[in-house]
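Chain by chain, the residues:
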Amino acid sequence: MKQISTIGVLTSGGDAPGMNAAIRAVTRSALCAGLKVVGIYRGFEGLINNECGELTTQSVSNIIQRGGTILKTARSKEFMTAEGRKKAYQTVKRYDIDALIIIGGNGSLTGAEIFAKEYDIPCIGIPGTIDNDIYGTDATIGYDTALNTIVEAVDKIRDTACSHDRIFFVEVMGRDAGFLAQNSAIAAGAEAAIIPEEHTTYDQLDDFISRGVRKNKNSSIVIVSESPASGGIMNYADRMKQAFPDYDVRVTILGYLQRGGKPSAYDRILASRLGVAAIEALQEGQRNVMMGIDNDKVVYVPFSRATKMDKPVEQELINILGVLSN
Ligand code: F6P
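Values in this document were obtained by computation on a predicted structure and should not be read as measured data.

Attention shifts here to the pairing of strand β8 (residues 220–225). When you tally the buried positions in β8, you get six out of six residues, the bulk of the element. Burial along β8 is two-sided: the face carrying Ser 220, Val 222 and Val 224 and the face carrying Ile 221, Ile 223 and Ser 225 are both buried. Pairing of strand β6 (residues 166–172) with β8, which is carried by six bridges, proceeds in the parallel orientation. In the strand pairing of β8, Phe 168 is matched with Ile 221. Examined bridge by bridge, strand β7 (residues 192–194) and β8 share three bridges and lie parallel to one another. For Ala 192, the partnering residue across the bridge sits in β8 and is Val 222.

This next bit is on the sheet that holds β6. The four strands are arranged β7-β8-β6-β9 in an open sheet whose pairing can be described as parallel. Each of the sheet's edge strands pairs with one partner strand only, and the pair in question is β7 and β9 (248–253). Neighbour to neighbour, the strand axes of the sheet diverge by 20° on average, direction disregarded. Lying over the sheet, helix α8 (residues 233–243) contacts β6, β7, β8 and β9, oriented at roughly 170° with respect to β9.

Pairing is mixed across the open sheet formed by seven strands, whose spatial order is β3-β2-β1-β4-β5-β10-β11. For this open sheet the edge positions go to β3 (52–55) and β11 (297–302), each flanked by a neighbour on one side alone. The mean angle between the axes of side-by-side strands here comes to 30°, regardless of whether they run parallel or antiparallel. Of the strand pairs in this sheet, strand β10 (residues 289–294) and β11 are connected by six bridges, and their pairing is antiparallel. When the sheet's bridge partners are listed, Val 289 is paired in β11 with Pro 302. Each of β1 (6–12), β2 (36–40), β3, β4 (99–104) and β5 (123–127) touches helix α1 (residues 19–32); the most contacted strand, β1, lies at about 175° to it.

How each quantity is defined
- Residues numbered from 1 in each chain as written.
- Predicted model: local features only at pLDDT ≥ 70, side-chain atom pairs only at ≥ 80, totals over all residues.
- Heavy atoms only, no water.
- Buried < 20%, exposed > 50% of the residue type's maximum accessible area, 1.4 Å probe, protein only.
- Helix = DSSP H or I, 4+ residues; strand = E, 2+ residues; numbered from the N terminus.
- Pairing = 2+ DSSP bridges.
- Axes fitted to C-alpha atoms, helices over the stretch in contact; angles between N-to-C directions.
- Contact = heavy atoms within 4.5 Å.

Functional significance is not addressed by these values, which are geometric in nature.
What follows is the structure in structure tokens.
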């Protein structure tokens, strides 16, 4: 097995608060271990197009508190092609990169898995996405911050909803996973969460709202996951207007503000732990695994499991919201 002396690090897919803290942790722990660090810009796109630069301790100072990613990111279509990966490998050779650290979501880890197999280059993944939809880790970098951003926004919406006696439908991100929707609904005291995993029917939704109406609640908040599988926020809002014509229904789509902002302390610590663990894993001879957190312990999850297994929203969380919104 080739001795590792230079590593490449990149961020890929949707940015997530805490990615900078992960870049910092990877860089500083690699330097501490005597490795050279090459930063790759714009994810796999940068690997294809040779956009790299050496990272030093100073390059990563004053970034732990910053949202986004100093390395920039992209969703590379070209890397999904064999031709694109061939070009990427030429960059790996040009910079004498012996191993890659990939910070990103499911798609990025899948790309890493294919690349690692095709070119026999050791890859270590660090889960970074606000969606928290990666199997094998209790949390992904960015999820906690995004969840807090949503809750803060919904608290504000609640003020105006109460003042006007309105029903609000609030759309949150999460791609095909309902973690952000389900947990923000619990934390913000919403009446219901519509998540892709649950297939909420209109009748169930009517029931949630009429329970509130019966109890003379003067406002209702329903969190709707963005996934089309959940039916789409406008459909639900229109249905509500028909079912409860006396109620004022409003829709708010939180959008990209959920991806920005300073990372929470939790995300900074998670990113620091997983970044340091990634370098330790490489030194232990680990290959093609994702760093995860399980019961507050760092674990190594093979890419084949992390990228292919489903991570369900726990039934307990669904039950809790049902009980508490009663
Ligand atoms: O994966 C993170 C995420 O923000 C999802 O929640 C959302 O569906 C998607 O990225 C949006 O992607 P893009 O930045 O390409 O519009």
